[in-house]
Protein chains: 2
Amino acid sequence: MPELHESQIETLHKNSQAANQDDMHAYLNELSGWRIESVAGINQLVKQYTFDTFVSALDFTNKVAALAEEFNHHPALLTEWGKTTVRWWTHSVGGLHKNDFIMAARTEKL
Amino acid sequence: MPELHESQIETLHKNSQAANQDDMHAYLNELSGWRIESVAGINQLVKQYTFDTFVSALDFTNKVAALAEEFNHHPALLTEWGKTTVRWWTHSVGGLHKNDFIMAARTEKL
């Protein structure tokens, strides 16, 4: 099985479903510093990255944004002084799909 | 009195205080679409800007960030697909200072 960051993003269909608990647990084990947070009943995959300046945080935001555009899968990016918080989830499945864990793994490689 | 977006950002001192209710109300009346939101007891000045794409939202985030760097006063910027949410507040006064309303007015002019 390829490592998460080398896995292909799957094209979603109307029958695509959120990852189950076992899969989420397995994927999360391949990541470092990410947590799953339920926001209004929607699971999101979250990590806060810290930096020394506002500009460094913004640079990281822009890198994640470029990754998002490349794969046409877009996170929420909160940029503050010295930190960027990245949240991945999949609107159409109402929570987390394998794709979100793949994007998190690719975020780690930036 | 100069309009808010033309007002000078004030240098803060250890005795600087948050704006009072009357001043906040007067400043807010000079702005369009901004609201005051209390987050864990800290007043923040918030506006959500909407766009047609993720990239347009990111472009706006970068413009607000450049403004923030210019004035050395930094907001929280939440970038999502088609929207950027801007939050201004002043950490050292534990809420909103006139500076935050000035920055909001300057944000409006971007």
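Data block above holds the structure.
This report concerns the structure included in the present document. (Residues numbered from 1 in each chain as written. Chains lettered and ligands numbered in written order. Predicted model: local features only at pLDDT ≥ 70, side-chain atom pairs only at ≥ 80, totals over all residues. Heavy atoms only, no water.)

1. A closer look at the relation of the copies chain B and chain A
One copy of the chain maps onto the second through a rotation around an axis plus a translation along that axis. Definition in use: To superpose the copies, least squares is applied to the C-alpha atoms of every residue with a pLDDT of at least 70 in both. We call two residues in contact when some of their heavy atoms are within 4.5 Å.
Least-squares fitting of chain B to chain A yields an RMSD of 0.0 Å, with the transformation described by 0.0 Å of translation along the axis and a rotation of 180 degrees. Taken together, the turn and the small shift mark the pair as related by a two-fold rotation axis. Considering only C-alpha atoms, the residue of chain B closest to the rotation axis is L78(B), which sits at 2.1 Å. Taken as a fraction of all interface residues of chain B, those also at the interface in chain A reach 100%, which identifies the copy contact as same-surface.

2. Overview of the pairing of strand β4 (residues 83-88) of chain B
Residues and elements named next belong to chain B. As a reminder, the rule being used: Note on pairing: two strands pair once DSSP finds at least 2 bridges between them. Strands are runs of DSSP state E lasting at least 2 residues, helices are runs of H or I lasting at least 4, and numbering of each runs from the N terminus.
Both strand β2 (residues 42-50) and β4 contribute to a ladder of six bridges, which runs antiparallel. What sits directly across from Y49, in β4, is T84. Pairing analysis gives five bridges linking strand β3 (residues 76-80) to β4, with the strands arranged antiparallel. Each bridged residue has a counterpart across the sheet, and for L78 the counterpart in β4 is T85. Here β3 hands over to β4 after two residues, with G82 in that stretch at a positive phi of 80 degrees.

3. Quick word on the pattern of salt bridges
What counts, and what does not: We define a salt bridge as a side-chain nitrogen of Lys or Arg found within 4 Å of a carboxyl oxygen belonging to Asp or Glu. Accessibility here uses a 1.4 Å probe with only protein chains present; expressed as a share of the type maximum, an area under 20% marks a residue as buried, one over 50% as exposed, and anything in between as partly exposed.
Scanning the model with the defined rule gives six salt bridges over all chains in all. Between R87(A) and E37(A) there is a salt bridge, with its nearest N and O atoms 3.1 Å apart. One end of the pair, R87(A), is in strand β4 (residues 83-88); the other, E37(A), is in strand β1 (residues 35-39), with 50 residues separating them in the sequence. Salt-bridge contacts for E37(B) lead to R35(B); the nearest nitrogen and oxygen are separated by 2.5 Å. The exposure class of E37(B) is partly exposed, given its relative accessible area of 23%. One network of salt bridges, in which partners are shared, links R35(A), E37(A) and R87(A).

4. Structural notes on the pairing of β1(A)
Residue and element names in this part refer to chain A. Note: β1 against strand β2 (residues 42-50), five bridges, orientation antiparallel. Residue pairing across strands places S38 opposite N43, the latter belonging to β2. Between β1 and β2, which follow one another and run antiparallel, lie two residues, and A40 among them has a positive phi close to 50 degrees.

5. Points about the packing of helix α2 (residues 54-71) of chain A against helix α3 (residues 98-108) of chain A
All names here are of chain A. In plain terms, the rule: Here an angle of 0 to 180 degrees is reported between the N-to-C directions of two axes, which are lines fitted to C-alpha atoms, with helices fitted over the stretch in contact. Angles below 35 degrees are treated as roughly parallel, those above 145 as roughly antiparallel, those between 65 and 115 as roughly perpendicular, and all remaining angles as oblique. Put simply, a crossing is left-handed when the front helix is turned counterclockwise from the back one by less than a right angle, and right-handed when it is turned clockwise. Charged means Asp, Glu, Lys or Arg here, nonpolar means Ala, Val, Leu, Ile, Met, Phe, Trp, Tyr, Cys or Pro, and polar covers whatever is left, Gly included.
The geometry of α2 relative to α3 is characterised by a closest axis approach of 11 Å and an angle of 135 degrees between their N-to-C directions. With respect to α3, the axis of α2 lies oblique. Helix-helix and strand crossings are classified by hand; for α2 and α3 the assignment is right-handed. Counted together, F60, V64, L67, A68 and F71 of α2 and M103, R106 and T107 of α3 form the full contact between these two elements. Its residues assigned to classes, the contact of α2 with α3 shows six nonpolar, one polar and one charged.

6. Comments concerning the packing of aromatic side chains
Residues and elements named next belong to chain A. What counts here: For Phe, Tyr and Trp, rings pair up if their centres lie within 6.5 Å, where Trp contributes its six-membered ring, and each pair is then called stacked (planes under 30 degrees apart), edge-to-face (over 60) or tilted (otherwise).
One pass over the structure, following the stated rule, counts eight aromatic pairs over all chains. A centroid spacing of 5.4 Å and a plane angle of 40 degrees characterise the contact between F51 and F60, whose relative ring orientation is tilted. Taken together, the aromatic side chains of W34, Y49, F51 and F60 make up a single cluster linked through ring pairs.

7. So, the interface of chain B and chain A
Accessible area lost upon the coming together of the parts is a frequently used measure of interface size. This is how the line gets drawn: Buried area: the sum, over both parts, of the accessible surface (1.4 Å probe) that disappears when the two are put together. Two N or O atoms form a polar contact when they lie within 3.5 Å of each other; inside protein one atom must be a possible hydrogen donor and the other a possible acceptor, and for residues adjacent in sequence the pair counts only when both atoms belong to side chains.
Counting residues at the interface gives 17 residues for chain B and 17 residues for chain A. Summed over both partners, the interface of chain B with chain A comes to about 1300 Å²; 69% of that surface belongs to carbon and sulfur atoms. Contact with chain A buries surface across chain B, with F54(B), H74(B) and L77(B) losing the most and accounting together for 31% of the total. Run the count over chain B and chain A and you get zero salt bridges. Counting across the chain B and chain A interface gives three residue pairs in polar contact (both at pLDDT 80 or more). For the side of chain B that touches chain A, the leading source of residues is helix α2 (residues 54-71) of chain B, giving eight residues. Its residues placed into classes, the side of chain B that touches chain A shows eleven nonpolar, four polar and two charged. Here three bridges tie strand β3 (residues 76-80) of chain A to β3(B), and the two strands are oriented antiparallel to one another. Paired with T79(A) across the two strands is L77(B), which belongs to β3(B).

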